[in-house]
Amino acid sequence: MFKGLILQKNDDGTTHASFQDIEASRLPAGDVEIQIAYSTLNYKDALAITGKGPVVRHWPMVPGIDLAGIVLNSSDASFEPGTAVLVNGHGMGEMHWGGLAEKARVPAAWLTKLPQALSNRDAMAIGTAGYTAMLSVLALHRQGIHPDSGPILVTGANGGVGSFAIALLARRGYHVVASTGRTDKANRLQLLGAKEIIDRQSLGEKGKPLQKELWAGAIDSVGSHTLANVCAQMRYGGVVTACGLAQGLDFQATVAPFILRGVALIGIDSVYAPKALRDEAWQCLAKETDPAMLSTISAEIPLNQTIEAAQDLLAGKITGRVLVKVGA
């Protein structure tokens, strides 16, 4: 038996979340069984737990889109018992039981060996948010956007992805401008490395197809009108990475920035990114993440507080990362 958070679908279609003792025989199929040490609470997890978004596709479900822990049993020789591993994405918490429980069983192909420089706690303080931010930073670099290219805008700056994006870009020498609706947190963003802070209201409403050229690059986790305005404000040859939809799934833009200014819009997929790219991102995170910064952008809670924390996250009451201590 092990403890975990189980989501069940009620007869009326609503979601019921509860902590239960779970039989190990109920774990889904997979090559590797993991004793989970830490997980996280992401925006997608909060939608699943509260039932406010159509995240879960199979019921019942253990939420949690990422985890870090130690291999208990494995039928794959690449991951012997005792190996420290982490998992991000691959439909965990949606189609496959995820990390908000004391144990998990997953296919070996989903696993990433934990870089030596990181502990289980560090890996989940980084989590999918930090991993997604690094994928975005790497995409900007591959597209030729370097520190001397010009200012980089980060939207949703006080969120998990935004916080990490600021810190990672600043560490690489970029001039980072942070967009946030919580300007009272400006000191926090400056400590992370932001050189300028702007109010998200200037980006959140429908704007003109082409606007003043401001940014050499941008990392957007907001979507909707914000993403459209960011594209309209890019300098010639600018690059935007899109990795979130906090404002909405819609994208009401024109082709003007792309055909008149040569702007590139790059989608960032953290769920099914190929193994080579995953490994590159995590190795970069191990080298470039400041351990002191992790405590600045994350708060730790026990597993039994995740339901309340999910509600607070969706209500905008939480800043930065939510680290979930699962194991003893």
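Remember, it's a predicted structure, so these values are computed and weren't measured experimentally. (Residues numbered from 1 in each chain as written. Predicted model: local features only at pLDDT ≥ 70, side-chain atom pairs only at ≥ 80, totals over all residues. Heavy atoms only, no water.)

Colleague: Explain the overall build of the protein here, please?
Modeller: When you go through the protein residue by residue, the secondary structure sums to 10 helices and 15 strands. Relative to the compact-globule value of 20 Å for 328 residues, the protein shows a C-alpha radius of gyration of 20 Å, a close match. In the protein, which comprises 328 residues, the share counted as buried stands at 55%. The contacts of the protein with a sequence gap of at least 6 include a subset with a gap of at least 24, amounting to 70%. Surface exposure of the protein reaches about 13,900 Å², of which carbon and sulfur atoms provide 50%. Each charge class in the protein was averaged separately, 29 positive and 29 negative side chains, and the resulting centres sit 4 Å apart. (Helix = DSSP H or I, 4+ residues; strand = E, 2+ residues; numbered from the N terminus. Rg over C-alpha atoms; globule rule 2.2 N^0.38 Å. Buried < 20%, exposed > 50% of the residue type's maximum accessible area, 1.4 Å probe, protein only. Contact = heavy atoms within 4.5 Å. Areas by Shrake-Rupley, 256 points an atom, 1.4 Å probe, with all protein chains shown as cover. Lys, Arg positive; Asp, Glu negative; His and termini not counted. Charge placed at Lys NZ, Arg CZ, Asp CG, Glu CD.)

Colleague: Would you explain the sheet that holds strand β9 (residues 176–180) in this entry?
Modeller: Each strand in a sheet pairs with another by means of backbone hydrogen bonds, the pair being arranged parallel or else antiparallel. Spatial strand order, β10-β9-β8-β11-β12-β13: six strands in an open sheet with parallel pairing. Each edge of the open sheet carries a strand with a single partner, namely β10 (196–199) and β13 (264–267). Shown here is a sheet whose adjacent strand axes are inclined to one another by a mean of 20°, direction ignored. Pairing geometry for strand β8 (residues 152–154) and β9, over three bridges, is parallel. (Pairing = 2+ DSSP bridges. Axes fitted to C-alpha atoms, helices over the stretch in contact; angles between N-to-C directions.)

Colleague: Help me out: how do you make sense of the pairing of strand β4 (residues 66–74) in this one?
Modeller: Successive residues of a regular strand alternate their side chains across the two faces of the sheet. By the bridge criterion, seven bridges tie strand β3 (residues 32–40) to β4 in an arrangement that is antiparallel. Within β4, the position partnered with Ser-39 by the bridge is Leu-67. In the sheet, β4 pairs with strand β5 (residues 84–88) via five bridges, with the strands oriented antiparallel. Paired with Gly-69 across the two strands is Val-85, which belongs to β5.

Colleague: Help me out: how do you make sense of the nonpolar core in this one?
Modeller: Side chains that are nonpolar tend, in soluble globular proteins, to be buried together. Judged by nonpolar contacts, the single largest core of 51 residues is most densely connected at Met-134, Phe-164, Ile-166, Leu-169 and Trp-282. For this core, the leading source of residues is helix α2 (residues 120–142), giving 13 residues. Residue contacts for Met-134: discarding those within four places in its chain leaves Leu-168, Arg-172, Ala-281, Cys-284, Leu-285 and Glu-288. Counting 43 residues, the second largest nonpolar core, distinct from the first, contains Leu-5, Met-92, Val-106 and Trp-110. (Core = buried A, V, L, I, M, F, W, Y, C linked by side-chain atoms within 4.5 Å.)

Colleague: What should I look at first to understand the side chain of Ser-18 in this one?
Modeller: Structurally, the position occupied by Ser-18 is in strand β2 (residues 15–22). With a relative accessible area of 16%, Ser-18 lands in the buried category. Within the structure, the side chain of Ser-18 is placed 3.1 Å from the side chain of Gln-20, a separation counted as a polar contact. Leave out the neighbours within four places in its chain, and Ser-18 touches Gly-4, Leu-5, Ile-6, Gln-8 and Ile-307. (Polar contact = N/O pair within 3.5 Å; in protein donor to acceptor, adjacent residues only side chain to side chain.)

Colleague: Sorry if this is basic, but what is going on with helix α10 (residues 306–314) here?
Modeller: Side chains three or four residues apart in an α-helix point the same way, a direct result of the helix having 3.6 residues per turn. Where α10 is concerned, the buried positions are Thr-306, Ile-307, Ala-309, Ala-310 and Leu-313. The buried residues of α10 all sit within an arc of 160° when viewed along its axis, so they share a single face. Buried positions along α10 lie against β1 (2–9), β2, α1 (43–50), β14 (298–302) and β15 (321–325). Once α10 finishes, Gly-316 follows within two positions and takes phi at roughly 75°, a positive value. (Arc of directions from axis to C-beta.)

Colleague: Help me out: how do you make sense of unusual backbone geometry in this one?
Modeller: Across the junction of Trp-59 and Pro-60, the peptide omega takes the value -15°, indicating a cis bond. Looking at the element boundaries, Pro-60 is found in the loop between α1 and β4. The backbone of Ser-224 sits at a positive phi, close to 50°, despite the residue not being glycine.

Colleague: Sorry if this is basic, but what is going on with the packing of α1 against α10 here?
Modeller: At a minimum axis separation of 9 Å, α1 and α10 run at an interaxial angle of 115°. As the angle between them shows, α1 and α10 are arranged roughly perpendicular. For the pair α1 and α10, the crossing hand works out as left-handed. Residues Tyr-43, Ala-46, Leu-47, Ile-49 and Thr-50 of α1 form the contact with α10, whose own contacting residues are Thr-306, Ile-307, Ala-310, Gln-311, Leu-313 and Leu-314. Residues belonging to the contact of α1 with α10 are distributed by class as follows: eight nonpolar, three polar and no charged. (Parallel < 35°, antiparallel > 145°, perpendicular 65-115°, else oblique. Left-handed = near helix turned anticlockwise from the far one by under 90°. Nonpolar A, V, L, I, M, F, W, Y, C, P; charged D, E, K, R; others polar.)

Colleague: Sorry if this is basic, but what is going on with the state of the cysteines here?
Modeller: Each disulfide is one covalent bond, formed between the sulfur atoms of two cysteines. Scanning all chains against the criterion turns up zero disulfides. For Cys-231, which is in no disulfide, the shortest distance to another cysteine sulfur is to Cys-243 and amounts to 13 Å. Sulfur of Cys-284: no disulfide; nearest cysteine sulfur belongs to Cys-243 and is 17 Å away. (Disulfide = S-S within 2.5 Å.)

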